[in-house]
Amino acid sequence: MDALHNRLLVSRFAECFDFYEAVLPRLTGAVLVKGSSAGPYANWDVADRTLLALYDRGLMAFTLGTSGLPVEAPPVQDAAMLVFRVSDVDEALALCLRHGGTLAVVATDRPEWGLNLRSAHLRDPDGRLIELQSY
């Protein structure tokens, strides 16, 4: 078995595309290999391996026959998040916020999580939780 990559199903494709296209190259070195803000698919690679892909959520719902289900759940705790290790949490957070991210928790030193660990949390334009960390 080969675990290929993470594919995010997004409702706001153009906004999410613009966000990840602006931040992934600087945070991870990923380059856009396929897709545009027009959708319905885009992917970014690092060293010829897909790091992250986006796909239109409505099209996946159509494929699965779940288009009649609610798109948004009532407020619940997050079930997953993307985590990026970066060299400078504050700089990475500023970059993400400039490109449409929404602040969840300011950059904070977290010695209880690990030696010299610093993290910040934000949401992408579709509301997905992202953690930026350095250690």
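It should be emphasised that the depicted structure is a prediction, and the values quoted were computed from it without experimental measurement. (Residues numbered from 1 in each chain as written. Predicted model: local features only at pLDDT ≥ 70, side-chain atom pairs only at ≥ 80, totals over all residues. Heavy atoms only, no water.)

Draft legend 1. Molecular detail of the pattern of salt bridges. All told, the structure shown has six salt bridges when counted by the stated rule. With its nearest N and O atoms 2.9 Å apart, the salt bridge here joins D78 to R123. Taken together, the positions of D78 in the loop between helix 2 (57–64) and strand 5 (82–85) and R123 in strand 7 (residues 118–123) put the pair 45 residues apart, joining distant regions of the chain. Here D90 and R118 are joined by a salt bridge, their closest N and O atoms 2.9 Å apart. Taken together, the positions of D90 in helix 3 (residues 89–98) and R118 in strand 7 put the pair 28 residues apart, joining distant regions of the chain. Here the residues in one salt-bridge network are D90, D109 and R118, joined through shared partners. (Salt bridge = Lys/Arg side-chain N within 4 Å of Asp/Glu carboxyl O. Helix = DSSP H or I, 4+ residues; strand = E, 2+ residues; numbered from the N terminus.)

Draft legend 2. Here's a closer look at the sheet that holds strand 3 (residues 41–46). If you walk across this open sheet you meet the four strands as 1-4-3-2, and the pairing is mixed. A single partner strand is all that each edge strand has here, and the edge strands are strand 1 (6–10) and strand 2 (31–35). Recorded for the sheet is a direction-independent mean angle of 20 degrees between the axes of neighbouring strands. Looking at chain direction, strand 3 and strand 4 (residues 49–56) are connected through six bridges and run antiparallel. By the bridge assignment, A42 is partnered in strand 4 with L54. Across the sheet, helix 1 (residues 13–28) is in contact with strand 1, strand 2, strand 3 and strand 4; its angle to strand 4 comes to roughly 165 degrees. (Pairing = 2+ DSSP bridges. Axes fitted to C-alpha atoms, helices over the stretch in contact; angles between N-to-C directions. Contact = heavy atoms within 4.5 Å.)

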